[in-house]
Amino acid sequence: MSENNMAAANDRRFTLRKILMDFMSTGVLVLSILLIVYISILTFRNEQLLANHQYMTFQFWVCIFFLCDFIVRLVFSANRLRYLARNWAFLLLSIPYLNIVNYLDISVGQEAMFFLRFIPLMRGALAMGIVIGYLSTNAITSLFISYITIMLLVTYFCSLIFYQREHGINHEVDTYWTALWWAFMNMSTVGCYINPMTVTGKLIAVVLPIFGMIIFPLFTVYLTNYVTQATNHAVEIADKRDDGSKTADKKANSASQH
């Protein structure tokens, strides 16, 4: 095979790979949004997910698509061991645990079952953060957008969990908006006057501040990088103006001499 044919074949493979990757990324993003909307509606209606056949079927196929996305990216990865080491959490979060427990009729505690149903949402949050981050060409901005997206989604999921577990038990959690405000205040590590009464609520009250302490330093990194880039850009513009002025002065002096 000639070099031109080999180059053309490589270009076709690269194009097909890019199309497949874009398709998988779009699919993960759309399914993640649909999953978030679906489980939000069921949560507000206070419906049992295991009893909802449509949701269980939908969640199963969403998890299957997530697993396919993981396998496709693993196959096309230049270093598969490195990919596994970096993305093993995506694999664990893509497994349809709720469907497995339901199908095998495994006895699981109420609290554990409650958290199992939110695992696909965590996978969706990570995927959405990464996909949205790809929209930016700047590496720092991309990382910043990804973490902001994940932070907002985690806060939202925790507010859903907190509302469902505390509402009706904790008189201070009278509406969902109260639970959302509580989640944001704990994510910011400020805290608020509402004290959780359930085991689940107390666990979330520990997880959210820890997550916030991990995420919020990124704001400092991003702002520092932004200010540094803006300063360097201003210095470059000033230097160009100085160079332009010096060049103009030299031309004027040369013209006057002649």
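This is a predicted model, so every value here is computed, not measured.

Caption draft 1: Broad picture of unusual backbone geometry. Positive phi, normally seen in glycine, also occurs at Thr-189, with a value near 70 degrees. Summarising the element assignment, Thr-189 is placed in the loop between helix H8 (176-187) and helix H9 (199-215). The partly exposed category is assigned to Thr-189, whose relative accessible area is 44%.

Caption draft 2: Spatial organisation of the environment of Tyr-97. Structurally, the position occupied by Tyr-97 is in helix H4 (residues 97-104). For Tyr-97 and Ile-119, which are 22 residues apart along the polypeptide, the C-alpha to C-alpha distance reads 8.2 Å. Once you skip the residues sitting within four places of it in the chain, Tyr-97 turns out to touch Leu-92, Leu-116 and Ile-119.

Caption draft 3: Examining H4 more closely. What H4 keeps buried is the set Leu-98, Asn-99 and Val-101. Along the axis of H4, the buried positions cluster into a sector of 165 degrees, meaning they face one direction only. Turned more than 90 degrees from where H4 packs its buried face, Tyr-103 and Leu-104 sit exposed.

Cut-offs applied
- Residues numbered from 1 in each chain as written.
- Predicted model: local features only at pLDDT ≥ 70, side-chain atom pairs only at ≥ 80, totals over all residues.
- Heavy atoms only, no water.
- Helix = DSSP H or I, 4+ residues; strand = E, 2+ residues; numbered from the N terminus.
- Buried < 20%, exposed > 50% of the residue type's maximum accessible area, 1.4 Å probe, protein only.
- Contact = heavy atoms within 4.5 Å.
- Arc of directions from axis to C-beta.

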